[in-house]
Amino acid sequence: MRWWGVGRGYFRNVVAIVLFVLLGGTLVALLWLRDALRPLMIASEKQRVPLQERVFRHSEITPAHPTLGDVVVFAAICDSCIDALRSEHDNHDTSCERAELLRRRVERRLATELNRYGWSIERFWFYRDVALTLYRDSIPPPLLWVARCLQPYAERRGNAELDSALYQAADVMLRGRIWWLQLGFAQPQPPRSDTALPVEGG
């Protein structure tokens, strides 16, 4: 009986420890699930949400050097975002409200593409800076009015160095694909009130 009593107490201790570990593991799993599903929940909301909160991968070590494979993916992301802009057929409305709607449309498509390719926003911003450093693109004249409403991206000279072969390949792939970046469609926007934007005709 004494042996059974000691064993019973030992068994209770083991069960308590196991249940505590299971409880802690369940809590960690629920926190992970919440973080994983947050981009999907945010994407379904109508309110304005920063781009980085719509992307699954919230953090990533910034690449030290560009690679050709990543440049190919970046070019594909650019094409998809440009397609989102081309789907807008109204060429007569040049108001700032429409510029903001276009920016939000591109942000939604961009978040979708980044989640599709498994990119973090930090990796995208790295290649955005590389692209704007390598090649000064030209904004299509029909969209110059957007620059009056949105803050165009201020070009920064990055520290990335590319060998000649990668430079030539990147120049060909990115030519004509980064004007939407210069218009500020993928630029982090400062917080502002929900008051109506001023209307500017063109």
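Residues numbered from 1 in each chain as written. Predicted model: local features only at pLDDT ≥ 70, side-chain atom pairs only at ≥ 80, totals over all residues. Heavy atoms only, no water.

1. Some words on the packing of helix α2 (residues 68–86) against helix α3 (residues 96–117)
Consideration 1: Close contact between α2 and α3 brings their axes to 9 Å; oriented N to C, the two are set at 145 degrees. Regarding α2 and α3, the two cross each other, and that crossing is right-handed. Every residue of α3 that contacts α2 at V73, A76, I77, S80, C81, D83, A84 and L85 is listed here: L102, R105, V106, R109, L110, E113, L114 and Y117.
Consideration 2: Here the contact of α2 with α3 is composed, by residue class, of eleven nonpolar, one polar and four charged. (Axes fitted to C-alpha atoms, helices over the stretch in contact; angles between N-to-C directions. Helix = DSSP H or I, 4+ residues; strand = E, 2+ residues; numbered from the N terminus. Left-handed = near helix turned anticlockwise from the far one by under 90°. Contact = heavy atoms within 4.5 Å. Nonpolar A, V, L, I, M, F, W, Y, C, P; charged D, E, K, R; others polar.)

2. Some thoughts on helix α4 (residues 121–134)
Consideration 1: Given a rise of 1.5 Å per residue, 14 residues ought to cover 20 Å, and the 20 Å separating the end C-alpha atoms of α4 matches this to within 8%.
Consideration 2: Of all 14 residues in α4, 13 are buried; the element is thus mostly enclosed. (Expected span 1.5 Å × (residues − 1). Buried < 20%, exposed > 50% of the residue type's maximum accessible area, 1.4 Å probe, protein only.)

3. A word on the pattern of salt bridges
Consideration 1: Inspection of the entire model under this criterion finds eight salt bridges.
Consideration 2: Here E107 ties to R103 by a salt bridge, and the two come within 2.7 Å at their closest N and O atoms. With E107 and R103 both in helix α3 and four residues apart, this pair spans about one turn of that helix.
Consideration 3: What makes E107 buried here is its relative accessible area of 9%.
Consideration 4: When the shortest N-O distance is used, the salt bridge between R128 and D129 registers 3.4 Å.
Consideration 5: Since its relative accessible area comes to 5%, R128 is described here as buried.
Consideration 6: Of the residues examined, D129 reaches a relative accessible area of 16% and is grouped as buried. (Salt bridge = Lys/Arg side-chain N within 4 Å of Asp/Glu carboxyl O.)

All quantities given are derived from atomic positions and should not be read as evidence of function.
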